[in-house]
Amino acid sequence: MPATNKYLRIFLADLVHDFLPGNYVLPLNIGLMSAYLKNNFGTAVDIRLFKSPEKLLDALKLGPAPHILGFSNYSWNQEINRSIGNKVRSRLPETVICAGGPHIRTDNAGIQAYLQENDIIDYYCMFEGEIPLGNIVERMLSIGVGNKKKVSEQLPGVAYLVD
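Quick summary incoming for the structure in this document. (Residues numbered from 1 in each chain as written. Predicted model: local features only at pLDDT ≥ 70, side-chain atom pairs only at ≥ 80, totals over all residues. Heavy atoms only, no water.)

Within the secondary structure, Ser72 is located in strand E3 (residues 68-72). Exposure remark for Ser72: the relative accessible area of 6% places this residue in the buried category. A distance of 2.5 Å separates the side chain of Ser72 from the side chain of Asp14, its partner in a polar contact. (Helix = DSSP H or I, 4+ residues; strand = E, 2+ residues; numbered from the N terminus. Buried < 20%, exposed > 50% of the residue type's maximum accessible area, 1.4 Å probe, protein only. Polar contact = N/O pair within 3.5 Å; in protein donor to acceptor, adjacent residues only side chain to side chain.)

This is the structure in structure tokens:
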């Protein structure tokens with residue numbers, strides 16, 4: 001059995017098209033996720049928040065790589081997520097990619113279709129994402145990095161494809 005991790009490096013991204021000046025709101029959604037994870041896992045998690053795709057790409061390039069990359073999923077940022085997710089998947093295949101947010105159908109057929117179409121996503125945190133993402137973090141802390149497929153054991157609130 002692999003050694004357990006002492007901590008997980010987590011990047012949470014609520015990306016916007018920021019190539020034009022604009023009034024970009026505070027990313028409350030990923031801020032709440034971060035607060036939940038820090039409250040429950042303390043120093044076992046190192047979390048960075050991103051609104052800008054460019055700053056996220058710079059952080060990914062400069063390293064160290066995140067163990068988990070989480071995207072907020074809305075109609076306006078799905079394609080940015082997909083583009084960056086594809087880069088991460090090709091360069092950092094061991095990084096677990098999660099998504100969560102309202103831009104998914106919630107019936108089983110809709111979830112399956114979405115995950116098949118967006119095959120870079122390892123896990124989708126359904127509905128309120130704090131507890132599902134916490135379940136993923138808890139499992140990863142216990143099994144160790146490099147075992148992301150083993151995270152697929154039943155996790156409440158987490159959708160994923162098997163085989």
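Having put the structure on the table, let's press on.
Quick look at the sheet that holds strand E2 (residues 45-50) now. Across the sheet, which stays open at both edges, the six strands sit in the order E2-E1-E3-E4-E5-E6 with mixed pairing between neighbours. Only two strands of the sheet have a single partner each, and these edge strands are E2 and strand E6 (158-159). Alignment of strand E4 (residues 96-100) against strand E5 (residues 123-125), held across three bridges, turns out to be parallel. Residue Gly100 lies in a different strand from E5, and its bridge partner there is Cys125. With respect to the sheet, helix H1 (residues 28-41) is in contact with strand E1 (8-13), E2 and E3, its orientation differing from that of E2 by roughly 175°. (Pairing = 2+ DSSP bridges. Contact = heavy atoms within 4.5 Å. Axes fitted to C-alpha atoms, helices over the stretch in contact; angles between N-to-C directions.)

With that settled, consider the packing of H1 against helix H5 (residues 130-143). At a closest axis distance of 10 Å, the pairing of H1 and H5 adopts a crossing angle of 45°. On the basis of the axis angle, H1 is oblique to H5. Handedness of the crossing formed by H1 with H5: right-handed. Residues Leu32, Met33, Tyr36, Leu37 and Phe41 of H1 form the contact with H5, whose participating residues are Glu130, Ile131, Leu133, Gly134, Val137, Glu138 and Leu141. When grouped by side-chain class, the residues that make up the contact of H1 with H5 number nine nonpolar, one polar and two charged. (Parallel < 35°, antiparallel > 145°, perpendicular 65-115°, else oblique. Left-handed = near helix turned anticlockwise from the far one by under 90°. Nonpolar A, V, L, I, M, F, W, Y, C, P; charged D, E, K, R; others polar.)

Turning our attention to the environment of Arg48. Residue placement: Arg48 occurs in strand E2. Of the residues examined, Arg48 reaches a relative accessible area of 40% and is grouped as partly exposed. In sequence terms Arg48 and Phe11 are 37 residues apart; their C-alpha atoms lie 4.9 Å from each other. What Arg48 contacts, discounting residues up to four positions off in sequence, is Ile10, Phe11, Leu12 and Ala59.

A separate point is the nonpolar core. Note on soluble globular proteins: their nonpolar side chains tend to be buried together. The biggest cluster of nonpolar side chains holds 23 residues, and the ones touching the most others in it are Ile10, Leu37, Ile68, Leu133, Ile136 and Val137. Residue contributions to this core peak at five residues, all from H5. Once you skip the residues sitting within four places of it in the chain, Ile68 turns out to touch Leu8, Arg9, Ile10, Phe11, Thr95, Val96, Cys98, Ile136, Val137 and Met140. Formed by 14 residues, the second largest nonpolar core is a distinct cluster that contains Leu56, Leu69, Ile84 and Val88. (Core = buried A, V, L, I, M, F, W, Y, C linked by side-chain atoms within 4.5 Å.)

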